[in-house]
Amino acid sequence: MSTDQLKLGIPKGSLQDATIKLFAKAGWKINPSHRNYFPEINDPSISCAMCRAQEMSRYVADGTLDVGLTGKDWIMENDSDVVVVSDLVYSKVSNRPARWVLAVAGDSPYKKPEDLAGKKIATELVGYTKRWFAERGVPVEVEYSWGATEAKVVQGLCDAIVEVTETGTTIKAHGLRIIEDVLITNTRLIANKKAFENPVKRKKIEQINMLLTGALEAEKLVGLKMNVPEDKVEAVMSILPSITAPTVAHLYKSPWLSVEIVVAESTVRDLIPNLVEAGAKGIIEYGLNKVI
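Analysis parameters
Residues numbered from 1 in each chain as written. Predicted model: local features only at pLDDT ≥ 70, side-chain atom pairs only at ≥ 80, totals over all residues. Heavy atoms only, no water. Helix = DSSP H or I, 4+ residues; strand = E, 2+ residues; numbered from the N terminus. Rg over C-alpha atoms; globule rule 2.2 N^0.38 Å. Buried < 20%, exposed > 50% of the residue type's maximum accessible area, 1.4 Å probe, protein only. Contact = heavy atoms within 4.5 Å. Areas by Shrake-Rupley, 256 points an atom, 1.4 Å probe, with all protein chains shown as cover. Phe/Tyr/Trp six-rings, centres within 6.5 Å; stacked < 30°, edge-to-face > 60°. Salt bridge = Lys/Arg side-chain N within 4 Å of Asp/Glu carboxyl O. Domains from an automatic or database assignment. Pairing = 2+ DSSP bridges. Axes fitted to C-alpha atoms, helices over the stretch in contact; angles between N-to-C directions. Core = buried A, V, L, I, M, F, W, Y, C linked by side-chain atoms within 4.5 Å. Lys, Arg positive; Asp, Glu negative; His and termini not counted.

Bringing the overall build of the chain into the picture now. For the chain, the count of helices and strands is ten helices and 16 strands. Its C-alpha radius of gyration of 24 Å places the chain more than 25% over the 19 Å reference for a compact globule of 292 residues. Seen through its principal axes, the chain has C-alpha atoms that stretch 80 × 55 × 35 Å. Sorting the 292 residues of the chain into buried and exposed places 46% on the buried side. In the chain, 69% of the contacts between residues at least 6 apart in sequence involve partners at least 24 apart. As displayed, the chain has an accessible area near 15,200 Å², and 52% of this comes from carbon and sulfur atoms.

A separate point is the packing of aromatic side chains. The full count for this structure, using the stated rule, is four aromatic pairs. Their ring planes at 65° and their centres at 6.1 Å tell us that Phe23 and Trp28 sit as a pair that is edge-to-face. An angle of 85° between the planes, with centres 5.0 Å apart, marks the rings of Trp132 and Phe133 as edge-to-face.

A few words now on the pattern of salt bridges. Working definition: two side chains of opposite charge can pair if their charged atoms are close together. One pass over the structure, following the stated rule, counts eleven salt bridges. The closest approach of N and O atoms between Asp43 and Lys204, which form a salt bridge, is 2.7 Å. Of this pair, Asp43 sits in the loop between β3 (40-41) and β4 (46-52) while Lys204 is found in helix α8 (residues 199-218), placing the two residues 161 residues apart along the sequence. Both residues of the pair, Asp43 and Lys204, belong to the buried class. A salt bridge links Arg136 to Glu135; the shortest N-O distance between them is 3.8 Å. Overall, Arg136 belongs to the partly exposed group, its relative accessible area being 35%.

A few words on helix α1 (residues 16-26). By the criterion of burial, α1 is predominantly enclosed, with eight of the eleven residues buried. If you check which residues of α1 are buried, you get Gln16, Ala18, Thr19, Ile20, Leu22, Phe23, Lys25 and Ala26. Lining the buried residues of α1 we find β1 (6-12), β2 (30-31), β4, β5 (67-71) and α8. Looking one or two residues past α1, Gly27 carries a phi angle of roughly 120°, positive in sign.

Locating Ala235 in the fold gives a position in helix α9 (residues 233-237). A residue is classified by how much of its surface remains accessible, and Ala235, at 37% relative accessible area, is partly exposed. As a C-alpha pair, Ala235 and Leu15 span 220 residues in sequence and 45 Å in three-dimensional space.

So, on to the domain arrangement of the chain. According to the domain assignment, the chain contains domain 1 (6-92 + 187-218), domain 2 (98-185) and domain 3 (220-287). On a C-alpha basis, the centroid separation for the pair domain 1 and domain 3 is 38 Å.

This part is about the sheet that holds strand β6 (residues 83-88). Pairing is mixed across the open sheet formed by five strands, whose spatial order is β4-β1-β5-β12-β6. Among the strands making up the open sheet, the edge pair consists of β4 and β6. For this sheet, the mean angle separating the axes of adjacent strands, direction not counted, is 30°. For β1 and β5, the ladder comprises two bridges, and the chain directions are parallel. Bridging across to β5, Leu8 finds its partner in Val67. In the packing of α1 onto the sheet, the strands contacted are β1, β4 and β5, and the crossing angle to β1 comes to about 135°.

What follows concerns the nonpolar core. Among the nonpolar cores identified, the biggest contains 29 residues, and Leu8 and Phe23 are the most heavily contacted of them. If you list the elements that add at least two residues to this core, you get β1, α1, β4, β5, β6, β12 (187-191) and α8. In terms of residues, this core owes the most to one element, α8, which gives six residues. Apart from residues lying up to four places away in sequence, Leu8 is in contact with Phe23, Ile41, Ile46, Ser47, Cys48, Ala49, Leu65, Val67 and Leu69. Counting 20 residues, the second largest nonpolar core, distinct from the first, contains Trp74, Trp100, Leu102 and Val162.

Okay, the side chain of Lys152 next. Mapped onto the fold, Lys152 is located in helix α5 (residues 149-154). Buried charge Lys152 goes without a salt bridge, the closest partner of opposite sign being Glu143 at 6.5 Å. Beyond its immediate sequence surroundings of up to four residues, Lys152 is in contact with Ala122, Ser145, Trp146, Gly147, Leu157 and Cys158.

Spelled out as structure tokens, the structure:
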């Protein structure tokens, strides 16, 4: 293996499918295997390894991996000395940050963190939770939860939990009540400091970052293409949002123009009827892979 080959860590578990899908949009095909932890990738300058997001920052910090994707939460939990290349806001459920929340039983008397002094907290995020309570001067017992964390409060095994959620649905479904946000987290692209100082590896890391960021940006946008008669073009232009000015071209031997733009997908359902009313015809909506 070349010393300049980039060792890329792919998070195994809940983020795995979303990460592989994102890399595919960016141009890298990763083929995971159920038989080993070293998936194939269609780029000879990169080698891949799978590891849990909880461990990723440790392996990047010690140089086992040059670059990887993991959550801000696990970087802080492990207190890892890494280069944060960028925030990449995507997840298994929705492309928005997740929250680690302090939650208690719905009928408990606890209203704020200070009420939990001397109580037991269950969480997977042990180190960070201990520091969070210590910074507030609240003495608590924090124990590691191996799973089914929400149920521990209901079963009386602890007084409160610190658990991650994106929508809060699971927390509420277990009859729990959130009393405070502990940490807002999102996926981050991180690099080993020594690898980031290597010009060859740094260039590759920056390429990956640019294309992953472009793929995420494209998920919020779509392209629109339409035909517009010359005498209606000003009316259509007046209602067109776009990243830059729309692209306009004359159709061959025709008084019609071809107009093409990129817009937020959330605007399309209202925009298209207005474009038709303004005189646009043959409107085509298409998805985008990357927007750089």
